[in-house]
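A structural walkthrough
If you want the building blocks of each chain, they are given just below.
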Amino acid sequence: MTKKMHITITVNGKEEEFLAEPRELLIYTLRERLNITGPHIGCDTSHCGACTVTLNGKSVKSCTMFVAQADGAEVETIEGIGGPDALHPLQVAFKEHHGLQCGFCTPGMITRATKLLEEIPNPTEEEIRFGMAGNICRCTGYQNIVKSIQAAAAEMSAAKEAAE
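Residues numbered from 1 in each chain as written. Predicted model: local features only at pLDDT ≥ 70, side-chain atom pairs only at ≥ 80, totals over all residues. Heavy atoms only, no water.

Here's the deal with unusual backbone geometry
- Look at N35: it is not a glycine, yet its phi comes out positive at around 60°.
- The topology assignment puts N35 in the loop between helix 1 (26-33) and strand 3 (52-55).
- By relative accessible area, N35 is classed as exposed at 62%.
- Of note, the phi angle at S46 is positive, near 75°, even though the residue is not glycine. (Helix = DSSP H or I, 4+ residues; strand = E, 2+ residues; numbered from the N terminus. Buried < 20%, exposed > 50% of the residue type's maximum accessible area, 1.4 Å probe, protein only.)

So this is what it looks like as structure tokens:
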């Protein structure tokens, strides 16, 4: 039996402390231990992006990261991006521009797109496609995902200009 480690992580602004085996994957910690089910388990190999979360400001695939690697980190999941009463512009845009169908990839897509728009506030279609390349959708064909990200970028830019 592996010795358990004391882990402290902040998930969506809430500090969590627990004992875990160092080999426990972050995705299982989130879903099974902390009951944060937005990030999905898709491929277990980091290819699909359904498990994408933001860790200390960077997009990571939580299915191939040990929880021990996240000790002391800040993690944001789709649950921390927006909620039913205050949707993030990306969530609104995905709904309005049909950026989802079955919805399985959507949490990872929106989580990654949030970071993309922080990195490149007004990305071109090519920059969106490149920036989202690590997230796979089997349903949409990507065109509406790209349109959704472009619409959210425009909305966020307009809101920023209006606030200045």
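Side note on the packing of helix 2 (residues 89-96) against helix 5 (residues 143-163)
- In the contact formed by helix 2 and helix 5, the axes pass within 8 Å of each other and the chain directions differ by 135°. Relative to helix 5, the element helix 2 lies oblique. Seen along the crossing, helix 2 lies across helix 5 with a hand that is right-handed. On the side of helix 2, the interface is formed by P89, L90, A93 and F94, while helix 5 contributes I145, S148, I149, A151, A152, E155 and M156.
- The residue makeup of the contact of helix 2 with helix 5, split by class, is nine nonpolar, one polar and one charged. (Axes fitted to C-alpha atoms, helices over the stretch in contact; angles between N-to-C directions. Parallel < 35°, antiparallel > 145°, perpendicular 65-115°, else oblique. Left-handed = near helix turned anticlockwise from the far one by under 90°. Contact = heavy atoms within 4.5 Å. Nonpolar A, V, L, I, M, F, W, Y, C, P; charged D, E, K, R; others polar.)

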